[in-house]
Amino acid sequence: MKYLDEFNDPVLARRLFDDIRALTTRPWSMMEVCGGQTHSIIRHGIDQLLPDEIELIHGPGCPVCVTPLETIDKALEIASRPKVIFCSFGDMLRVPGSGRDLFKVKSQGGDVRVVYSPLDALRLAQDNPDRQVVFFGIGFETTAPPNAMTVYQAKKLGITNFSLLVSHVRVPPAIDAIMNSPDCRVQAFLAAGHVCTVMGTAEYPVLAERHKVPIVVTGFEPLDILEGIRRAVRQLETGRHVVENAYPRAVQPEGSPAARAMLADVFEVTDRPWRGIGVIPQSGWRLSSRYRDYDAEHRFSVADIDTRESTVCRSGEVLQGLIKPHECAAFGKQCTPRNPLGATMVSSEGACAAYYLYRRLQLPTTEEASSVG
Amino acid sequence: MADALDATGPTYAPADFSGWTCPAPLRDHDRVVMGHGGGGTLSAELVEHLFVPAFGNDVLSELGDSARLPASGERLAFSTDSFVVRPLFFPGGSIGDLAVNGTVNDLAMAGARPLFLSCGFILEEGVELAVVARVAEAFGAAARAAGVTVATGDTKVVEAGHGDGVFINTAGIGRIPDGVDIHPRRARPGDVILVSGAIGVHGVAIMSVREGLEFGVEIESDTAPLGDLVANLLAACPDVHVLRDPTRGGLATTLNEIAAASGVGVALEEDALPVPDAVANACALLGLDPLYVANEGKLAAFVPPDRADACLAVLRAHPLGKEAVAVGRCVPDHPGMVVSATGLGGTRVVDMPLGEQLPRIC
């Protein structure tokens, strides 16, 4: 496929691995921000092929992982109600709330549907005027514009039985929060390419300067990731800390003006809790006052939900790169992909799930083998 | 994460399945969830911990695609499958084709020549008879193409809203030729793994119509009866160790099941996997992995290394196997696990899916 095959070329990859090895003189830790990048790194075995000195820390850019438990519990509550059609992207269905997930709600009679676009949910609302259709609007600057467009369309078309359960988050405040942590080990960032496709790069120079940290806007195919790493190492080795765009085929400095205008109309910046991390100021979006009627939290009273987070799960520290997944006492014991305590164990983008699979190869036993069969 | 190669970190215990017995075996779910039908771990547990204990006998508990029955002087294969496909008609086939080919292929995966088929139709009140007739015609045509006799049948109707148009169950009986001993526990280190053609085609074809997704080109299901192909293969190499048609859960699930049953590791070569561009593109867009997407009309064969080239040649000489390739081999390392060499030279574990594969958000 054009723009995929070319960026998966093993010969060019080998050359980039060699370049990175030649540039590297000492240990460096860098964080790939986006879960899509983590997935690609694991999927292609990139981490195994880097010099030992380069440590990749999996960042908080997995929307499944950082959506707060309280929001998931609200989703479960709304989805359980009669006359509701609850729509979500697929991999949110398995994320555990306080005791159950959307799959269980579905099996208990809730009308939960996987859709591929929020506009599909809007169509469902049009086709089912006697039902309330709710879309679970989670994710970063990447998924926010289509969700904004859907709410905009709903208002324009006068569709009143549609609402959005919003838990959108923004990358730059998270980078700031990670760098402000006293235990922070991150020395460079591979910024999330598609986030910058929407937002551009203007938010990042201030962060690079404030924290003296290189930020390289990086894509998702193997060569994109290797090029991002190469540029980050080059900056680190030469003591520089600027914003570089290693994904110019998708990222313009100004981003997408149309998408940003839609975001500015429909959403407003707000403080937002991140699962396992806590509230990060100015790190999220909520519907602006013009669109407040489309906010599912307003439409359904879900304020009094009893939220119980696992007391042993340390996914927040994993998400900040403070510990490796296997350093959590629950890892692989109480917490596995089939019984996840935290969302980082759910999605294949989640650091714990990726690490679980990866370490299984290092420590195989026949008992394990039979347990998965 | 380069230091993750260091294996000195803490270990972890495998999931604790002790104490899992009928009648309350499914500790995570007190109701059926969609994942129980997804062909992954949840499906396997439903079978192993609910149905097998309830029905238990030696013939069933082998858990091959088809049971192998002792009969006077002959060995029979016996298999059943239920079909709950939506939509009923899709590019390249219909539920009628699937209901025949699914069971016929399960028989073929025991090395058997399919002989007889039963059919149970569960119809939803209100479904148009013209629709039922189209399904029945497709069913009959598929049976004739597969050379199998529809010997017995049954029809039930459920109230409107209690079904999804047409459900079909089929059961089939076939004869296993002398000298053939194919079952899931027979894979051995050194075995070469052959796949008879492109993977992921059926799943993407179904998704494209079910979800109304357009991928630029129409992708047709690859549903087809495999009895002939298997007969040719066995004529050339009676000592095929394992056969499986990688339907629900895709090739990854099939390979994991066989690795676990035989206690061998499976080493895959990612570059060798036959993934058509249209399937690769659809999967890239949806965040799916073609290894986990359903197939019809395809088989995976585990064959002894010295017969691999001959088997490949026989498969390629048949219209249904002309794109056959070797995709990997069995190894003594990492028993029960499937590990793929990535195109870049790294490795990844190709795990058993839990339930259905879910499209990723980003």
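- Looking up chain B in an unreviewed UniProt entry gives the name Hydrogenase expression/formation protein HypE, with the organism given as Streptomyces monashensis.
- Entered under Sequence similarities (unreviewed entry) in the UniProt record, the comment concerning chain B runs "Belongs to the HypE family."

- Going by an unreviewed UniProt entry, chain A carries the name Hydrogenase formation protein HypD and comes from Streptomyces monashensis.
- As stated in UniProt under Sequence similarities (unreviewed entry), the record for chain A gives "Belongs to the HypD family."

1. Quick notes on helix H5 (residues 201-210) of chain B
All names here are of chain B.
Then, number 1: Here H5 lies mainly inside the structure; 8 of its 10 residues are buried.
Then, number 2: Buried within H5 are the following residues: Val-201, His-202, Gly-203, Val-204, Ala-205, Ile-206, Met-207 and Ser-208.
Then, number 3: Looking at the buried side of H5, the elements it contacts are strand S3 (89-90), helix H3 (95-108) and helix H8 (277-286).

2. A closer look at the domain arrangement of chain B
All names here are of chain B.
Then, number 1: Partitioning chain B into structural domains gives domain 1 (65-176) and domain 2 (192-349).
Then, number 2: For domain 1 versus domain 2, the separation of C-alpha centres amounts to 23 Å.
Then, number 3: The interface is formed by 20 residues belonging to domain 1 together with 24 residues belonging to domain 2.
Then, number 4: Each partner contributes to the roughly 1800 Å² buried at the junction of domain 1 and domain 2, and carbon and sulfur atoms together form 59% of this total.
Then, number 5: When residues of domain 1 are sorted by the area they lose upon contact with domain 2, Pro-91, Asn-105 and Met-109 head the list and together hold 32% of the total.
Then, number 6: Applying the counting rule to domain 1 against domain 2 returns 2 salt bridges.
Then, number 7: Residues Asp-228 and Arg-113 are paired through a salt bridge, measuring 3.4 Å at the closest nitrogen-oxygen approach.
Then, number 8: Our count for the domain 1 to domain 2 interface comes out at 8 residue pairs in polar contact (both at pLDDT 80 or more).
Then, number 9: Examining the composition of the side of domain 1 that touches domain 2, we find that 7 residues originate from one element, H3, more than from any other.
Then, number 10: Split into classes, the residues belonging to the side of domain 1 that touches domain 2 amount to 10 nonpolar, 5 polar and 5 charged.

3. What to know about the sheet that holds strand S2 (residues 54-61) of chain A
Residues and elements named next belong to chain A.
Then, number 1: Spatial strand order, S2-S1-S7-S8-S9: 5 strands in an open sheet with parallel pairing. Strands at the two margins of the open sheet, each flanked by one partner only, are S2 and strand S9 (243-245). Taking each pair of neighbouring strands and ignoring which way they run, the sheet shows an average axis angle of 25°.
Then, number 2: Pairing geometry for strand S1 (residues 28-34) and strand S7 (residues 188-192), over 3 bridges, is parallel. Across the sheet, Glu-32 pairs through a bridge with Leu-190, a residue of S7.

4. Re unusual backbone geometry
Then, number 1: For the bond running from B:Arg86 to B:Pro87, omega is 0°, close enough to zero to count as cis.
Then, number 2: Structurally, the position occupied by B:Pro87 is in the loop between strand S2 (74-83) and S3.
Then, number 3: Of note, the phi angle at A:Lys83 is positive, near 70°, even though the residue is not glycine.
Then, number 4: The topology assignment puts A:Lys83 in the loop between helix H5 (69-80) and strand S3 (84-88).
Then, number 5: The phi angle at B:His334 is positive, at roughly 30°, despite the residue not being glycine.
Then, number 6: Following the sequence through the fold, B:His334 ends up in the loop between strand S12 (325-331) and strand S13 (338-341).
Then, number 7: Residue B:His334 is classed as buried on the basis of its relative accessible area of 12%.

5. A word on the state of the cysteines
Then, number 1: Under the definition given, this model contains 0 disulfides over all chains.
Then, number 2: With no disulfide of its own, A:Cys196 has A:Cys34 as its nearest cysteine by sulfur position, at a separation of 10 Å.
Then, number 3: Residue classification places A:Cys196 among the buried positions, given a relative accessible area of 0%.
Then, number 4: B:Cys237 supplies the cysteine sulfur nearest to B:Cys311, a cysteine that is in no disulfide, at a spacing of 3.8 Å.
Then, number 5: For B:Cys311, a relative accessible area of 0% corresponds to the buried category.

6. Things to note about the confidence of the model for chain A
Then, number 1: Overall, the prediction assigns chain A a mean pLDDT of 89, with 94% of residues at 70 or greater.
Then, number 2: Scored below 50 in pLDDT, residues 363-373 of chain A shows 24 contacts in the model against residues more than four places distant or in partner chains.

7. Observations concerning the pairing of S7(A)
Residue and element names in this part refer to chain A.
Then, number 1: For S7, the buried fraction is high: 5 of the 5 residues fall into the buried class.
Then, number 2: In this sheet, strand S8 (residues 215-218) lies alongside S7 in parallel orientation, the contact comprising 4 bridges. Bridge pairing in S8 links Phe-189 to Ile-215.

Parameters and conventions
Residues numbered from 1 in each chain as written. Chains lettered and ligands numbered in written order. Predicted model: local features only at pLDDT ≥ 70, side-chain atom pairs only at ≥ 80, totals over all residues. Heavy atoms only, no water. UniProt positions renumbered as here; feature names shortened; annotations may be inferred. Buried < 20%, exposed > 50% of the residue type's maximum accessible area, 1.4 Å probe, protein only. Helix = DSSP H or I, 4+ residues; strand = E, 2+ residues; numbered from the N terminus. Contact = heavy atoms within 4.5 Å. Domains from an automatic or database assignment. Buried area = accessible area lost by both parts, 1.4 Å probe. Salt bridge = Lys/Arg side-chain N within 4 Å of Asp/Glu carboxyl O. Polar contact = N/O pair within 3.5 Å; in protein donor to acceptor, adjacent residues only side chain to side chain. Nonpolar A, V, L, I, M, F, W, Y, C, P; charged D, E, K, R; others polar. Pairing = 2+ DSSP bridges. Axes fitted to C-alpha atoms, helices over the stretch in contact; angles between N-to-C directions. Disulfide = S-S within 2.5 Å. pLDDT = per-residue confidence, 0-100.

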